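Letter by letter, the chains look like this.
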Amino acid sequence: TQEADAAEADAEEADAEEADAEEADAAETEPAETDAEEADAGSQEGAAYANLDEETVAALEEWGMEVAESYLIVWMGDYFQPIPLIEKYDGQLLRVARTEADYNVVEIGVNRFDMHEATCPDQVCLTEGEVTLENRNSRLLGSYIICMPNNVVLELKTPEELLDLLAQSTVE
C-alpha cells in the first residue's frame with residue numbers, strides 16, 4: 001500500500017505541475033490577446049472616422065460628440081438628440097417616448113437606422129425602411145423616417161451636417 005500511496009502522490013504532483021504549467025501558459029497568452037483586442041478596437045475606432053479630416057474630428061470632440069461617420073438625429077418638436085451610429089451601439093434598440101403610451105422604437109446599426117416598433121395608429125413609419133449613408137439619396141424621404149402621429153422625426157446626418165446643425169442651434 002505504500003507503493004500505491006507513493007504512486008498516487010506522484011500522480012497528484014504531476015497533475016499539479018501540469019495545472020501550474022497550463023496556468024503559466026494562459027498567463028503568457030492573455031496579455032497578447034488583450035493587446036490584440038486593444039489594437040483591434042483602436043483600429044475599429046480609427047476606421048469609424050478614417051474619411052474625416054482632423055478639423056472635423058476636433059470640432060466633434062469639442063462639442064463632446066463621439067466621432068462617427070454618421071449620426072442619427074432624433075427630433076421631438078424643436079428638440080434634437082444626436083446619436084453616433086457606431087459599432088458599440090450596433091443592434092441596440094432605442095425607445096423614443098412622448099408619453100408612456102406614445103412611443104417609437106428605433107433599431108440602430110453602424111451608419112444605419114430603422115423604425116422597429118411604434119404605437120401610432122397608422123404604422124406608416126414602420127414601412128419607410130432602413131436609412132443608410134448609401135441609400136439616403138435614393139429614398140423617397142431621403143435621410144428621414146417620420147412618425148406624424150407621435151411627432152417623432154429621425155434623420156441621418158454626416159459629421160459635417162451635424163456640426164452645421166449644432167452651430168445653428170446655438171445661434172437661434
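Only a predicted model underlies this, so the values are computations on that prediction, with no experimental measurement involved. (Residues numbered from 1 in each chain as written. Predicted model: local features only at pLDDT ≥ 70, side-chain atom pairs only at ≥ 80, totals over all residues. Heavy atoms only, no water.)

Caption draft 1: Summary view of the pattern of salt bridges. In total, this model carries seven salt bridges according to the counting rule given. Notably, a salt bridge pairs aspartate 90 with arginine 112, separated by 3.7 Å at the nearest N-O pair. Linking aspartate 90 in the loop between strand S2 (79-84) and strand S3 (93-97) with arginine 112 in strand S5 (residues 112-118), this pair joins segments that are 22 residues apart in sequence. Sharing partners across several salt bridges, the network here consists of Asp90, Glu107, Arg112 and Glu130. (Salt bridge = Lys/Arg side-chain N within 4 Å of Asp/Glu carboxyl O. Helix = DSSP H or I, 4+ residues; strand = E, 2+ residues; numbered from the N terminus.)

Caption draft 2: The arrangement of the packing of aromatic side chains in detail. The full count for this structure, using the stated rule, is one aromatic pair. The ring of tyrosine 103 has arginine 95 lying over it, and the distance from NZ or CZ to the ring centre is 3.8 Å. (Phe/Tyr/Trp six-rings, centres within 6.5 Å; stacked < 30°, edge-to-face > 60°. Lys NZ or Arg CZ within 6 Å of the ring centre and 35° of its normal.)

Caption draft 3: Main features of a nonpolar patch on the surface. On the surface, Leu140, Leu141 and Tyr144 cluster together into a nonpolar patch covering about 330 Å² of accessible area. Among the structural elements, leucine 140 can be located in the loop between strand S6 (131-132) and strand S7 (144-147). (Patch = residues over 30% accessible without salt bridge, like charges linked within 9 Å, V, L, I, M, F, W, Y side chains within 5 Å. Areas by Shrake-Rupley, 256 points an atom, 1.4 Å probe, with all protein chains shown as cover.)

Caption draft 4: Representation of the sheet that holds strand S4 (residues 103-109) in the model. The antiparallel open sheet is built from four strands, whose spatial order is S3-S4-S5-S6. Only two strands of the sheet have a single partner each, and these edge strands are S3 and S6. Sheet analysis places S5 next to S6, joined by two bridges and oriented antiparallel. Within S6, the residue paired with phenylalanine 113 across the bridge is valine 131. (Pairing = 2+ DSSP bridges.)

Caption draft 5: Structural context of a negative patch on the surface. Together, Asp53, Glu54, Glu55, Glu160 and Asp164 make up a region of like negative charge exposed at the surface. Elements represented by at least two residues in the negative patch include exactly helix H2 (54-62) and helix H3 (159-171). Here glutamate 55 shows up in helix H2. On the basis of relative accessible area, glutamate 55 is assigned to the exposed category, the value being 66%. (Lys, Arg positive; Asp, Glu negative; His and termini not counted. Charge placed at Lys NZ, Arg CZ, Asp CG, Glu CD. Buried < 20%, exposed > 50% of the residue type's maximum accessible area, 1.4 Å probe, protein only.)

Caption draft 6: Spatial organisation of the sheet that holds S7. One open sheet accounts for four strands, arranged S2-S1-S8-S7; its pairing is antiparallel. The outermost strands of the open sheet, each flanked by one partner alone, are S2 and S7. On average, each strand axis in the sheet is inclined to that of its neighbour by 15°, with strand direction left out of account. The pairing of strand S1 (residues 71-76) with strand S8 (residues 152-157) spans five bridges and is antiparallel. When the sheet's bridge partners are listed, tyrosine 71 is paired in S8 with lysine 157. (Axes fitted to C-alpha atoms, helices over the stretch in contact; angles between N-to-C directions.)

Caption draft 7: Local environment of unusual backbone geometry. Located in the positive-phi region is glutamine 123, a residue other than glycine, with phi close to 60°. Along the chain, the position of glutamine 123 falls in the loop between S5 and S6.

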